[in-house]
Amino acid sequence: MENLDQLELNELMLQRRRKLEELKAKDIKPYGNKFSPTHHTADIKHNFEEFVGKEVSLAGRLMIIRGQGKASFAELADMTGKIQIYLKKNIIGEDLYELFSSLDIGDMIGLTGEVFKTKVGEITIRVNVFELLSKSLRPLPDKYHGLKDKEMRYRQRYVDLIVNPEVRDTFVMRSKILRTIRNYLDQQGFLEVETPMMHPISGGASARPFVTHHNTLDIDLFLRIAPELYLKRLIVGGFERVYEINRNFRNEGMSYKHNPEFTMLELYQAFADYNDMMELMENLCCHVAQEVLGTTKVTYQGHVIDLTPPWRRLSMIDAVKEYTGVDFDQIQTDEEARKAAKEHGIEVDDTMPRGKIINEFFEARVEEHLIQPVFIMNHPVEISPLAKRMVEDSRLTYRFEAFIFSWEMCNAFSELNDPIDQRERFLAQVAQREAGDDEAQMMDEDFVRALEYGMPPTGGIGIGIDRLIMVLTESHSIRDVILFPTMRPEK
RNA sequence: GGGUCAUUAGCUCAGUCGGCAGAGCACCUGACUUUUAAUCAGGGUGUCGAUGGUUCGAAUCCAUCAUGACUCACCA
């Protein structure tokens, strides 16, 4: 027997450990082996007429016990839901009934019994025989109020999942959304690939990376902030349609919509451009919503958001003009741009070029208004080091971001495939980095070398999967769609 | 990183002006063979987040710290 003195146990936990010893003394195994249920609770609940009078075997956790002397009711929960069970002493016998009477809420059992309906119409299993599968040594939270403490729900997600069924629903939905996305892309000829999570050079996005160290090679590696540069190497290599759905890691602040590790879909399509990516984005979101929700109009925080294509398309400069009246088509120099920013109370520093100031206007004055899906297009080249320049205006790029509920849901562009321009953009980033911007990108010579072999014109897109899931599941925090969100360690 | 708030029984929460630590559920004992937040009778199980301080006396007032939530900044 374990030394109880060394554990910090409250009275309830001690009681359950004493029961455990009593079971062992009676030669009842408290932790069973295999049990083979014939059905799940939902099968019976949804098809009562088919099951009535028949014998079934179920396995699950006792959630409520209502003893009534020589008979007892209880609720058994499995992955599909709950069902009431009924145990009578003169059916299951004295020994088994005594065992049942000693069980606690949270214990897991396997049982066999007949399906019937009680006089008030509750579908119930009349148990003929049962066995203990796992003794629970800790009390569960309040049967009525559940577990509300957010810290405990995130830290002990297993308890959250046991007592709050809607949490399980959210993660089932998450799984369905991911499967639907994969099926959709697979049907269109995209190949799912896996590229490195540990990068010798951090690239593909503007963000601070996590650093780790490989002992044998004695080199620092960065957890990836984006798979972009590797996926484009695959386009060079001849895979014409690839995607990856996996984690990115960014060493930055946490909030209701930021977790240090988050899931991103990145996709590249050879011979396509950003117009194709816009169509793909709106069609994919619409398809997923239709498949998992049965509608393309989703309600999020009181707004009905209509995902039906086509979505509005608006250049960033036109968006700034629409919401602030400032027309950057008429503002050509960095000095004029900074003057306009100061007039509108937007903070800029004296080194900021026109392109960055357009973006500052956009983020400060436009984003908050973008509730319905909209593509914001043609970003300045200064903030788009991997996107192809527009023929119409070489200071802008064929890039877009989709906004839904003011959140950036994706980032996409016609990929820069000119290796000489790419090298210059990297050098500009390196200069910014040396000037103190630790989110600017690093030079990736191998990536430039790959482009020198020739990359076809390519459309690429990155979609923040967690945020898409938040909107589709009406979750208000990213932590509600990530099973084990990042937390400070206990104690 | 800044601001605001929270932390009391296993869970959900009260706790007034600084004066014996409370409720519901859970749990324990007993009754009860169709209950369903079962019911009935009895039982309170606690390092009031931690450490200092003020005070005759602190869950309560003050300071610091810890953890979390919300929010702002940064970011996707």
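Criteria and cut-off values
Residues numbered from 1 in each chain as written. Chains lettered and ligands numbered in written order. Predicted model: local features only at pLDDT ≥ 70, side-chain atom pairs only at ≥ 80, totals over all residues. Heavy atoms only, no water. Pairing = 2+ DSSP bridges. Helix = DSSP H or I, 4+ residues; strand = E, 2+ residues; numbered from the N terminus. Axes fitted to C-alpha atoms, helices over the stretch in contact; angles between N-to-C directions. Phe/Tyr/Trp six-rings, centres within 6.5 Å; stacked < 30°, edge-to-face > 60°. Buried < 20%, exposed > 50% of the residue type's maximum accessible area, 1.4 Å probe, protein only. Expected span 1.5 Å × (residues − 1). Contact = heavy atoms within 4.5 Å.

Visitor: Can you tell me about the sheet that holds strand E3 (residues 81-88), naming the residues and giving the values?
Guide: Taking strand neighbours around the barrel as the criterion, the five strands line up as E1-E2-E3-E5-E4 in a closed arrangement whose pairing is mixed. The mean angle between the axes of side-by-side strands here comes to 55°, regardless of whether they run parallel or antiparallel. One ladder, built from ten bridges, connects strand E4 (residues 108-117) with strand E5 (residues 123-134); its direction is antiparallel. Bridge assignment links Gly 110 to a residue of E5, and that residue is Glu 131.

Visitor: How would you explain the packing of aromatic side chains if you had to name every residue and give the values?
Guide: Under the criterion given, the structure shown has 14 aromatic pairs. Ring geometry for Phe 100 and Phe 130: centres 5.7 Å apart, planes at 85°, overall edge-to-face. Remark: Phe 130 occurs in strand E5 and Phe 100 occurs in helix H5 (residues 94-102); sequence separation between them is 30 residues. There is no split in this pair, since Phe 100 and Phe 130 are both buried.

Visitor: Hey, could you go over helix H13 (residues 354-366) for me, with residue numbers and the actual values?
Guide: Here H13 is 13 residues long and its end C-alpha atoms lie 17 Å apart, about the 18 Å a rise of 1.5 Å per residue gives. Taken together, the buried positions of H13 are occupied by Arg 354, Gly 355, Ile 357, Ile 358, Asn 359, Phe 361, Phe 362 and Val 366. The elements touched by buried residues of H13 are helix H11 (316-324), helix H12 (334-343), strand E15 (374-377) and strand E16 (399-404).

Visitor: Give a detailed account of the sheet that holds strand E14 (residues 312-315), specifying residues and quantitative values.
Guide: Reading across the sheet, the eight strands line up as E6-E10-E11-E18-E17-E16-E15-E14 and stay open at both edges, with mixed pairing between neighbours. Both edges of this open sheet fall to strand E6 (191-192) and E14, since each of them pairs with a single strand only. By the bridge criterion, five bridges tie strand E17 (residues 407-414) to strand E18 (residues 458-464) in an arrangement that is antiparallel. Bridge pairing links Ala 412 to Ile 461 in E18. Sheet strands touched by helix H8 (residues 165-187): E6, strand E10 (241-249) and strand E11 (261-270). Its angle to E10, the strand with the most contacts, is close to 155°. Running over the sheet, H11 touches E14 and E15 and is turned about 90° from E14.

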